[in-house]
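# Breakdown of the fold
Listed below, chain by chain, are the residues.
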Amino acid sequence: MIGTIRKAWDIPELRRKIVFTLLILLIFRIGNAIAVPYIDRELLRDQMQAMGTTYFGLLNAMSGGAFQMATVFALSIQPYINSSIIIQLLTVAIPALERMSKDGGEEGRKKIQAITRYATIAIAVLQAVGYYFMMKRYGILQQEGIWPALVIIVTLIAGSSFVMWMGEQVNEFGIGNGISMILFAGILSRVPSMITGLWESVRYWFNIRSGDMTVESLQSAGYTSERAQQVMDSAIPPWGALLLVLGMLALIMFIVFINDAERRIPVQYAKRQVGRRMYGGQSSNLPMKVGMAGVLPIIFAQSIASLPITVWSFIGVPQQGTVWYSVYKAIDTQSVAYMIAYFIMIIGFSYFYATIQFNPVEIANNLKKQGGFIPGFRPGKPTIEFIKRVLNRITFFGAIYLGIVALCPLIVGKVVQNSSVSIGGTSVIIVVGVALETVKALESQMLMRQYKGFLG
């Protein structure tokens, strides 16, 4: 990876693209440090720590911590991601959008992109209004009224729209996918705080062992009894921290391996004569990636599975000792019931997204039109059935892989009593995937320029 970046830096055109991308990411990080007025950030941070395992924890991770700091880019790129997913699903469900996407060419692509932008603004409005009322519900606002509400909501909407624009500029003038690069920068910016948090947990363990830190000492320092117990439970021994680091490295290696894994179906093209020339006769393959759904099934599943506890967080956490508190703990994002539902939803969404992204009927028809066939299977229905069987097997393995990656941090977070670990799987998949895609984009552009120099 480092060698590829070094070679790309030596090419003036690629160097300009790399510098432009880094400049956009720098602007994104500066925006994450500009605070929105009328918000008490200390109270918001404490509240977000209590709600870290809800859907807001995912939003906070995707924004690089800007969500809990109430900055201009607090909504980050999340409205654009949601609108893109919704429009992509509607493209399959609505025939007019499907024709516009497939047969509209460049003009159709621009129209779909415009619809996605409008949907992004609509979702940003909903999220900004919900963000404001959440802070009002928990008394986080420094000043209430129409003017503070207008300033907060408009600032968040403008920040999200500007982030969307920056992502599109990276697509046109930079390297890699702009939205992915912004997500990459946001998640990677949390690495120092994660390291600091791990170090603090180890330090807590030493203080507890020496007797310098107890529940009583924390309560005398101003902690509530529940918060003091959480701090005591979050202590991690040094060997536990070492195991966490080794587990994260093993998870990264596993993701890299699966990211490149694919099932290649052999395809043979029949010979045909056109005039005096003979075409076809060569062999090829139809690649089917194991992780073709990417990280979307995890995002979908986490959003829906954590919806009840997120709504309950808006209403207010029940008092301890009540029946409703027992129900609340039973569906909490660290409960066994939540993990089972989460795992089942990941498998279901993996199959759902794979069937949308990879259509066996369309693939079989294209092979038939081009004179291609899969050895041992007749064109038409037998080929479609074979591709469906392979797709189901590949999707099942990919869904199990996503479930393992998503559940391992949840289980570790429950054991070490650290909720920030619970979204680690999603973050690692995004970071590793974007890094590999960016390197491949650099390699393809360098290869294209080598051919251009050879022909020129």
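What counts and how
- Residues numbered from 1 in each chain as written.
- Predicted model: local features only at pLDDT ≥ 70, side-chain atom pairs only at ≥ 80, totals over all residues.
- Heavy atoms only, no water.
- Helix = DSSP H or I, 4+ residues; strand = E, 2+ residues; numbered from the N terminus.
- Buried < 20%, exposed > 50% of the residue type's maximum accessible area, 1.4 Å probe, protein only.
- Contact = heavy atoms within 4.5 Å.
- Pairing = 2+ DSSP bridges.
- Salt bridge = Lys/Arg side-chain N within 4 Å of Asp/Glu carboxyl O.
- Axes fitted to C-alpha atoms, helices over the stretch in contact; angles between N-to-C directions.
- Parallel < 35°, antiparallel > 145°, perpendicular 65-115°, else oblique.
- Left-handed = near helix turned anticlockwise from the far one by under 90°.
- Nonpolar A, V, L, I, M, F, W, Y, C, P; charged D, E, K, R; others polar.
- Expected span 1.5 Å × (residues − 1).
- Polar contact = N/O pair within 3.5 Å; in protein donor to acceptor, adjacent residues only side chain to side chain.
- pLDDT = per-residue confidence, 0-100.
- Phe/Tyr/Trp six-rings, centres within 6.5 Å; stacked < 30°, edge-to-face > 60°.

### Structural notes on the environment of alanine 35
Here alanine 35 shows up in the loop between helix 2 (12-31) and helix 3 (41-50). Given the relative accessible area of 36%, alanine 35 is considered partly exposed. Along the backbone, alanine 35 and valine 72 are 37 residues apart, and their C-alpha atoms lie at a distance of 6.0 Å. Excluding residues that lie within four positions of it along the chain, alanine 35 makes contacts with Arg41, Ala70 and Thr71.

### Side note on the sheet that holds strand 4 (residues 283-289)
Spatial ordering of the open sheet is given by 4-1-5, a layout of 3 strands whose pairing is antiparallel. In this open sheet, the two strands that pair with only one neighbour each are strand 4 and strand 5 (372-373). Note that strand 1 (residues 262-269) and strand 4 share 7 bridges and pair antiparallel. Looking across to strand 4, one finds that glutamate 262 is bridged to lysine 289.

### Here's the deal with unusual backbone geometry
Positive phi, normally seen in glycine, also occurs at tyrosine 38, with a value near 70 degrees. Locating tyrosine 38 in the fold gives a position in the loop between helix 2 and helix 3. The phi dihedral of alanine 70 falls on the positive side, at around 55 degrees, and the residue is not glycine. When its relative accessible area of 0% is taken as the criterion, alanine 70 is described as buried.

### As for the pattern of salt bridges
Applying the stated rule across the entire model yields 3 salt bridges. A salt bridge links arginine 117 to glutamate 168, with the shortest nitrogen-to-oxygen separation between them at 2.9 Å. Here arginine 117, found in helix 8 (residues 105-137), pairs with glutamate 168, found in helix 9 (residues 146-173); they are 51 residues apart in sequence, far enough to count as distant. Given the relative accessible area of 31%, arginine 117 is considered partly exposed. The shortest N-O distance in the salt bridge between arginine 264 and glutamate 262 comes to 2.7 Å.

### Notes on the packing of helix 6 (residues 78-93) against helix 8
Contact geometry of helix 6 with helix 8 gives a least axis separation of 8 Å together with a crossing angle of 130 degrees. By the criterion of interaxial angle, the relationship of helix 6 to helix 8 is oblique. The handedness of the crossing between helix 6 and helix 8 comes out as right-handed. From helix 6, Gln78, Pro79, Tyr80, Asn82, Ser83, Ser84, Ile86, Ile87 and Thr91 reach across to helix 8, where they touch Ile112, Gln113, Ile115, Thr116, Ala119, Thr120, Ile123, Ala124 and Gln127. Grouping the constituent residues of the contact of helix 6 with helix 8 by class yields 9 nonpolar, 9 polar and no charged.

### A closer look at helix 14 (residues 238-260)
Between the first and last C-alpha of helix 14 there are 34 Å, a value that for 23 residues agrees with the 33 Å anticipated at 1.5 Å per step. Those residues of helix 14 that fall on the buried side of the exposure criterion are Gly240, Ala241, Leu251, Ile255 and Ile258.

### Structural notes on the side chain of serine 160
For serine 160, the position within the fold is in helix 9. From its side chain, serine 160 meets the backbone oxygen of serine 76 in a polar contact 3.5 Å long. Setting aside anything within four residues of it in sequence, one finds serine 160 in contact with Leu75, Ser76, Pro79 and Ala124.

### Focus on the confidence of the model for the chain
For the chain, the mean per-residue pLDDT works out to 79, and 88% of the residues sit at or above 70. Within the chain, the element-level pLDDT minimum falls on strand 2 (residues 272-274), averaging 60, and the maximum on helix 9, averaging 91.

### Some thoughts on the packing of helix 9 against helix 10 (residues 178-188)
Two elements in contact, helix 9 and helix 10, have axes whose closest approach is 7 Å; the angle formed by their N-to-C orientations is 120 degrees. Here helix 9 is positioned oblique relative to helix 10, judged by the angle of their axes. Residue-level contacts link Val163, Met166, Gly167, Val170 and Asn171 of helix 9 to Gly178, Ile179, Met181 and Ile182 of helix 10. Its residues assigned to classes, the contact of helix 9 with helix 10 comprises 6 nonpolar, 3 polar and no charged.

### Structural notes on the pairing of strand 1
As defined by bridge partners, strand 1 adjoins strand 5 across 2 bridges and the pair is classed as antiparallel. Residue pairing in the sheet places tyrosine 269 in a bridge with glycine 372 of strand 5.

### Quick look at the packing of aromatic side chains
Across all of its chains, the model carries 10 aromatic pairs by this definition. Arranged with centres 5.9 Å apart and planes meeting at 70 degrees, the rings of phenylalanine 20 and phenylalanine 173 form a pair that is edge-to-face. With phenylalanine 20 in helix 2 and phenylalanine 173 in helix 9, this residue pair connects regions lying 153 residues apart in the sequence. Overall, the relative accessible area of 24% leaves phenylalanine 20 in the partly exposed class. Ring geometry for phenylalanine 28 versus phenylalanine 73: centroids 5.9 Å apart, planes at 10 degrees, classification stacked. Residue phenylalanine 28 is found in helix 2, and its partner phenylalanine 73 is found in the loop between helix 5 (66-69) and helix 6; the two are separated by 45 residues along the sequence.

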